[in-house]
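This is what each chain is made of:
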Amino acid sequence: MSSVIAIDFVEHIIQRVSGLPLGWNPEMIRRHSETLVAMCSAHHSFYAMAPSLLAASCVLATLRPLLEATDDNNQRLMPSLNNALLIVEHITHYTKVQL
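The rules behind the values
Residues numbered from 1 in each chain as written. Predicted model: local features only at pLDDT ≥ 70, side-chain atom pairs only at ≥ 80, totals over all residues. Heavy atoms only, no water. Helix = DSSP H or I, 4+ residues; strand = E, 2+ residues; numbered from the N terminus. Buried < 20%, exposed > 50% of the residue type's maximum accessible area, 1.4 Å probe, protein only. Contact = heavy atoms within 4.5 Å. Areas by Shrake-Rupley, 256 points an atom, 1.4 Å probe, with all protein chains shown as cover. Expected span 1.5 Å × (residues − 1). Arc of directions from axis to C-beta. Salt bridge = Lys/Arg side-chain N within 4 Å of Asp/Glu carboxyl O.

Another point: the overall build of the chain. From N to C terminus, the chain includes four helices and zero strands. The helix and strand sequence of the chain, counted from the amino end, reads α-α-α-α. By the burial criterion, 25% of the 99 residues in the chain qualify as buried. Intrachain contacts of the chain at a sequence separation of at least 6 include 53% that bridge at least 24 residues. Accessible surface for the chain amounts to roughly 6700 Å². Of this, 58% is attributable to carbon and sulfur atoms.

Below, the structure is given as structure tokens:
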């Protein structure tokens, strides 16, 4: 039997987020998220963190530039970073009240 590590959660999280209307490339997000997970897994300060939390953090960190993107008129192209909580709700099925 093998242990569950953070990279095992990345695909599951991306599949849950892919239903949201963000207009992003899941392959790019997966690649960047997996790279972040690998970098974090090599650092001792992340050893005590739950693998699912590490994976979710890496996916949201990868999505952050997309969520903060603006056009030439400084208008947001996608939902603001404040909507990250809604993404977490969609993934975990927890409501704002429960969080």
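Following the structure, the description resumes.
Counting through the fold element by element, arginine 30 comes out in helix α2 (residues 26-41). Those residues in contact with arginine 30 that sit more than four places away from it in its chain are Val10, Glu11, Ile14 and Gln15.

Quick look at helix α1 (residues 6-17) now. Compared with an ideal rise of 1.5 Å per residue, which puts 12 residues at 16 Å, α1 spans 17 Å between its outermost C-alpha atoms and is within 8% of the ideal. Taken together, the buried positions of α1 are Ala6, Val10, Ile13, Ile14 and Val17. Each buried residue of α1 sits inside an arc of 100° when the element is viewed along its axis, so together they form one side.

Applying the stated rule across the entire model yields two salt bridges. Its salt-bridge partner being arginine 30, residue glutamate 11 comes within 2.4 Å of it at the nearest N-O pair. Of this pair, glutamate 11 sits in helix α1 while arginine 30 sits in helix α2; the two residues are 19 residues apart in sequence, bridging distant segments of the chain. A salt bridge links arginine 30 to glutamate 27; the shortest N-O distance between them is 2.4 Å. Of this pair, arginine 30 and glutamate 27 are both found in helix α2, three residues apart, which corresponds to roughly one turn of the helix. Given a relative accessible area of 12%, arginine 30 falls into the buried group. Overlapping salt bridges, with partners in common, bring together Glu11, Glu27 and Arg30 in one network.

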